[in-house]
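Here are the chains, one letter per residue:
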Amino acid sequence: MSLTEGWAVFVSAHESALNDLVTALTTARPHLLSYGSPAFTPVSTRFDTAMAAIPFPGTGGIDWHVRFTTPHLDLYKQEDPLPPELTLGPGEFSLTTTVQLCVDCTSRGGKGDPTHGDRAHGADERAAREAAKAERERWDESRGKARNPICTELGVAAIGHLVPTSSGGEPAVGFALDAIELVDVTPDSLESVLECLLGTVLRAVLATLAIPLSAIRVGAFTLTPAQGPLIEADAVLARGSL
């Protein structure tokens, strides 16, 4: 059977090309992976998306910031390691990223140490102080003025499937999340709460990362998709008419 399987056009891109496209998109538009309230992000820029503080009585709002590293995708069959709780099946992709979570802890007073939760010693302590200083300088140099940014980073793994969507009015490849797992978080109840929270946030982030089919089409042909996007043998493919 031919690759087109009766359709006029067949397009395919290896997972390495798909990762290159995701990297190019998030490098050009880093605000798609970075969100914060006024103390961190007073206005939306190319680098950050401004959102509201979390309302809570007596606080004036809890300021926060969330930033993901560029996700790395692995299309079935599995090559990248995954936590034992996740299994990559046919037609699925896995995703790995790191998320940084910050809050402006104004109740502590003075300049906070973003790594205060991990009391390191020796070389580790010096590295922690340098990381804390760099984080404070990041916020000091921004137009926001988080007084006590307290931050942590978590490794995130997830599995999902591709969905047809649109970007700028043209057909595109979208990403739907099916399951998420955090790395080395205890107790289990805290892990479950954070997985629910970050799963919701990551689904919203992935909704902004649609890849236009025009980015993977060949030559002058324009695909009107009728089948796909599909995942087969470490590649994403689609079939359709001209």
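Note that residues are indexed from 1 along each chain, following the sequence as it is written. With pLDDT at 70 or above as the cut-off, local features in this predicted model cover only qualifying residues; side-chain atom pairs require 80 or more to be listed or tallied, and sums for whole chains, interfaces and linings still use all residues. Only hydrogens and water are set aside; all other atoms, that is, all heavy atoms of the structure, feed into the side-chain values.

### A look at helix 3 (residues 188-206)
Spacing of three or four residues puts side chains on the same side of an α-helix, whose turn is 3.6 residues.
1) Next: Helix and strand assignments follow DSSP, with helices taken as H or I runs no shorter than four residues and strands as E runs no shorter than two, numbered in order from the N terminus. Under the convention used throughout, the expected extent of a helix is 1.5 Å for every residue step, that is, one less than its residue count. Its 19 residues place the ends of helix 3 26 Å apart at the C-alpha level, agreeing with the 27 Å of an ideal helix rising 1.5 Å per residue.
2) Next: For helix 3, the full list of buried residues reads Glu191, Leu194, Glu195, Leu198, Gly199, Leu202, Val205 and Leu206. Buried positions in helix 3, seen along its axis, are confined to an arc of 145 degrees and lie on one side of it. Among the exposed residues of helix 3, those oriented more than 90 degrees off its buried face are Ser189, Val193, Cys196 and Thr200.
3) Next: Elements in contact with the buried residues of helix 3: strand 2 (34-36), strand 4 (64-68), strand 6 (93-104), strand 7 (149-167) and strand 8 (170-182). Note on exposure labels: buried denotes an accessible area under 20% of the residue type's maximum, exposed denotes more than 50%, and partly exposed covers the range between, all computed with a 1.4 Å probe on protein chains only. The directions considered for the arc run from the helix axis to the C-beta atoms. Contacts are assigned to residue pairs with any non-hydrogen atoms lying within 4.5 Å of each other.

### Let's talk about the pairing of strand 6
Along any regular strand the residues' side chains alternate between the sheet's two faces.
1) Next: Extensive coverage of strand 6 is indicated by the burial of nine of its 12 residues.
2) Next: Examined bridge by bridge, strand 4 and strand 6 share five bridges and lie antiparallel to one another. Within the sheet, the bridge partner assigned to Trp64 lies in strand 6 and is Val103.
3) Next: Summarising the sheet, strand 5 (residues 72-75) and strand 6 pair through four bridges and their orientation is antiparallel. Within strand 6, the residue paired with Asp74 across the bridge is Ser94.
4) Next: Here strand 6 runs beside strand 7; their pairing, made up of 12 bridges, is antiparallel. Residue pairing for strand 7: Cys102 is matched across the bridge by Cys151. When DSSP finds two or more bridges between a pair of strands, those strands are recorded as paired.

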